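What follows is the residue order along each chain.
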Amino acid sequence: MEKLMIAGGYPLKGTVRISGAKNSAVALIPATILAESPVTIEGLPDISDVQILKDLLEEIGGTVEFTDNDMTVDPSSMISMPLPNGKVKKLRASYYLMGAMLGRFKKAVIGLPGGCHLGPRPIDQHIKGFEALGARVTNEQGAIYLRADELRGARIYLDVVSVGATINIMLAAVRAKGRTIIENAAKEPEIIDVATLLTNMGAKIKGAGTDVIRIDGVDNLHGCQHTIIPDRIEAGTYMIVGAAAGEGVLIDNVIPHHLESLIAKLREMGVQIETKDDQVFVGPAEKMKTVDIKTLVYPGFPTDLQQPLTSLLTRAEGTGMVTDTIYSARFKHIDELRRMNANIKVEGRSAIINGPVQLQGAKVKASDLRAGAALVIAGLMAEGVTEVTGLEHIDRGYSHLVEKLNGLGATIWREEMSKEELEQMKNA
Ligand code: EPU
């Protein structure tokens, strides 16, 4: 098992290229199950979540070729193999196998999903949607059993605006009989990306990206070629890296419109930002003033950037407050930042950050994906060396993080953990 070593304080400069969006990729790959002939997705990120989904498609009989970020899936020989355990438990997005397999085979058995621990993450809205479409859904020993004689379009109002439920219901509904209407749907760019792939496969979907999505079911879907959108959260993370430790960082392959809330907040802090068609330049900031952040559904400030931004706020002048309205417990990075000398306290769903402080290198642990990003940013700003364990979380969502940061002039490397360290970790 490896850990990440970061020698802080090196000024970063240059260009970083953003990979395909993780949260699109993890839905686009299961969506291929719905077709009858090969689907190619171009520009996938090189992350472990993508690898696991590829393995899962192979487990159910798909033929998958994955080279140079492009994946071709031939779903013609797939069967509705039960997946109650094993790799499905390793990622949150395995829940998309429910919608896709139900849509194609009218039955599925999928283990309850894993993923980051950010407080309660129920899937009741997904299930409400599947049931409205005519599926019988039961939870037996940690696996969800879904079965329908036939799926019929329905009007579904989401009680909670949910990215996962919106996409999952879309996946189940594209091959249902008649019209499905999803009300109070999530509007994230990843939903539009999945709807674009499904439309290229022959689905009839209107309104993706608004809060009402209309789907007219079709009998069959066919293969196609699709290019994934760039990862707005990875791009936002590197924008924060640029603000934290940069002397001029150009983020390439990004849709600036997807990042308006972050751009506004960074500008409010005094960071110089210039946007071009598919690039964002983050200039150096001598002095930064703090801001308050409240996470909201898109186009509000994304919860996935709340943790990375908290690290940056330790450098800013004044008392800032970060409130997460989406997840109640997305604050596991705070104790680790405190070990690095940050002055932060957590009150309910808010973190209160007093700055500026000079962070100090320390041994810290990433407990989830974006906590990992937050600690890497802190390490880049810190005096001395920071050791980050829990690298498996970071590898789930950041493609070639070490190479990309070294390309900007950072001093960061992976190192094998010693036997003693592994033992300590086990006993912790
Ligand atoms: N919720 C319910 N019931 C449901 C579904 C969601 O109560 O049936 C609640 C959740 O507990 C949460 C809120 O609704 O409080 C929003 O959850 P949502 O369903 O939108 O989240 P998700 O689909 O599980 C995706 C991303 C997350 C990202 C959230 C919010 C994927 C695979 N994951 O999760 O990404 O934080 O949307 O934007 O797309 C990450 O990338 O680090 C990450 C955690």
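In case you missed it, the structure is sitting above this.
Residues numbered from 1 in each chain as written. Predicted model: local features only at pLDDT ≥ 70, side-chain atom pairs only at ≥ 80, totals over all residues. Heavy atoms only, no water.

**Concerning the site of the ligand**
Quick reminder of the rule: Whether a residue is near a molecule or strand depends on its heavy atoms: it is near if one of them lies within 4 Å of it. Polar contacts, as counted here, are pairs of nitrogen or oxygen atoms within 3.5 Å of one another; within protein the pair requires one atom able to donate a hydrogen and one able to accept it, and residues that are adjacent in sequence qualify only if both atoms are side-chain atoms. Reported accessibility uses the Shrake-Rupley method at a 1.4 Å probe radius. Residues are deemed covered only where the shown protein chains occlude them. Definitions used for this entry: grid spacing 1 Å over protein atoms alone; cavity, a set of points where a 1.4 Å probe fits but cannot get out; pocket, an open set with protein on both sides within 12 Å along at least 5 of 7 lines; lining residue, one with an atom within 4 Å of a point. For this analysis, a molecule is said to be in a pocket or cavity if more than half of its atoms are within 2 Å of the grid points defining it. Note on conventions: DSSP H or I runs of at least 4 residues are helices, E runs of at least 2 residues are strands, and numbering of each starts at the N terminus. Domain borders in the structure are assigned automatically or taken from a domain database.
Surveying the vicinity of the ligand reveals 25 residues, the closest of which are Gln125, Ser162, Asp304, Ile326 and Arg370. Here an oxygen atom of the ligand sits 3.1 Å away from a polar atom, N or O, in the side chain of Asn23. In this structure, an oxygen atom belonging to the ligand sits 2.7 Å away from a side-chain N or O atom of Arg370. Notes on the ligand: free accessible area 830 Å², of which the protein chains cover 90%. Taken atom by atom, the bulk of the ligand overlaps the largest pocket. Secondary structure elements with two or more residues in the shell around the ligand: α1 (22-31), α4 (124-132), α5 (163-173) and α11 (369-381). Domain assignment of the residues forming the shell around the ligand places at least three in each of domain 1 (2-19 + 230-427) and domain 2 (22-227).

**Points about the pattern of salt bridges**
Stated precisely, the cut-off is as follows: Within this document, salt bridges are pairs made up of a side-chain nitrogen of Lys or Arg and a carboxyl oxygen of Asp or Glu, the two lying within 4 Å of each other. Each residue is placed in one exposure class: buried if its accessible area under a 1.4 Å probe, protein chains only, is under 20% of its type's maximum, exposed if it is over 50%, and partly exposed if it falls in between.
Tallied over the full model, the rule gives 21 salt bridges. Across the pair Glu2 and Arg414 runs a salt bridge, and its minimum N-O distance is 2.6 Å. Here Glu2, found in strand β1 (residues 2-7), pairs with Arg414, found in strand β23 (residues 411-416); they are 412 residues apart in sequence, far enough to count as distant. For Glu2, a relative accessible area of 29% puts it in the partly exposed group.

**Comments concerning the packing of helix α9 (residues 306-313) against α11**
The condition that has to hold: Throughout, an axis means a line fitted to C-alpha atoms (over the contacting stretch in the case of helices), and angles, computed between N-to-C directions, take values from 0 to 180 degrees. Put simply, angles under 35 degrees are roughly parallel, angles over 145 are roughly antiparallel, angles from 65 to 115 are roughly perpendicular, and the rest are oblique. Left-handed is the label given to a crossing in which the near helix is rotated counterclockwise from the far helix by less than a right angle, and right-handed is the label when the rotation is clockwise. The contact criterion used is simple: two residues touch if any of their non-hydrogen atoms lie within 4.5 Å. When residue character is reported, Ala, Val, Leu, Ile, Met, Phe, Trp, Tyr, Cys and Pro are called nonpolar, Asp, Glu, Lys and Arg charged, and the others, Gly included, polar.
One way to put it is that α9 packs onto α11 with a least axis distance of 7 Å and a crossing angle of 20°. Considering the angle they form, α9 stands roughly parallel to α11. As α9 packs across α11, the resulting crossing turns out to be right-handed. Two secondary-structure elements touch here, α9 through Gln307, Pro308, Ser311 and Leu312 and α11 through Arg370, Ala371, Ala373, Ala374, Leu375, Ile377, Ala378 and Met381. Within the contact of α9 with α11, the residues separate by chemical class into 9 nonpolar, 2 polar and 1 charged.

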